[in-house]
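Listed here are the chains, written in short residue letters.
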Amino acid sequence: MQMNIAEAKAKLSELIAAAERGEDVVIARGGTPIVRFVPAHARGPAFRIGIAEGAVATVPDFLEPMAEDERALWT
């Protein structure tokens with residue numbers, strides 16, 4: 001959503017609510033965009049530990065020596 005400064009003055013609370021909902025809010029001067037409203041705090045999902053749980057079948061033991069056939073692939 002884009003609007004000029006004069007209209008934005010009258011609808012400030014409406015523009016803030018739109019930005020909080022994640023809408024793109026741009027204020028223009030003479031039709032030229034000059035500022036964008038964004039929420040001060042992102043409201044995305046919080047980072048979760050274990051999000052890939054079950055996605056990996058086995059985790060190799062990196063301290064264990066490689067098998068001879070695997071080592072041959074690296075030389």
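Right, let's walk through the structure included here. Starting from 1, residues in each chain are numbered consecutively following that chain's sequence as written. The predicted nature of this model means local features are confined to residues of pLDDT at least 70 and side-chain atom pairs, given and counted, to a pLDDT of 80 or more, with totals for whole chains, interfaces and linings taken over all residues. As a rule here, side-chain values come from all non-hydrogen atoms in the structure, and water together with hydrogens is ignored.

As a further point, take the nonpolar core. Grouped together as the largest cluster of nonpolar side chains are seven residues: M3, A8, L15, A18, A19, V25 and I27. Only heavy atoms matter for contacts: two residues are in contact if any of them lie within 4.5 Å across the pair. With sequence-adjacent residues up to four places away left out, A19 is seen in contact with V25, F37 and P39. What makes a nonpolar core is a set of buried Ala, Val, Leu, Ile, Met, Phe, Trp, Tyr and Cys residues whose side-chain atoms join them at distances within 4.5 Å. Each residue's exposure class comes from its accessible area (1.4 Å probe, protein chains only) as a fraction of the maximum for that residue type: buried when under 20%, exposed when over 50%, partly exposed otherwise.

Before going further, it helps to spend a moment on the pairing of strand β2 (residues 25-29). Each regular strand displays side chains that alternate between the two surfaces of the sheet. Each helix is a run of H or I in the DSSP string that is no shorter than four residues. Each strand is a run of E no shorter than two, and both are numbered from the N terminus. For β2, the tally of buried residues reaches four of five residues, placing the bulk of the element in the interior. Sheet analysis places strand β1 (residues 2-4) next to β2, joined by three bridges and oriented parallel. Within the sheet, the bridge partner assigned to N4 lies in β2 and is A28. By the convention used here, strands pair only if DSSP detects at least 2 bridges between them. Relative to strand β3 (residues 32-37), β2 runs antiparallel, the two being bridged by five bridges. Paired with A28 across the bridge in β3 is P33. Hairpin connection, β2 to β3: the antiparallel pair is bridged by two residues, and G30 has positive phi, about 65°.

What is shown is where atoms sit, not what they do.
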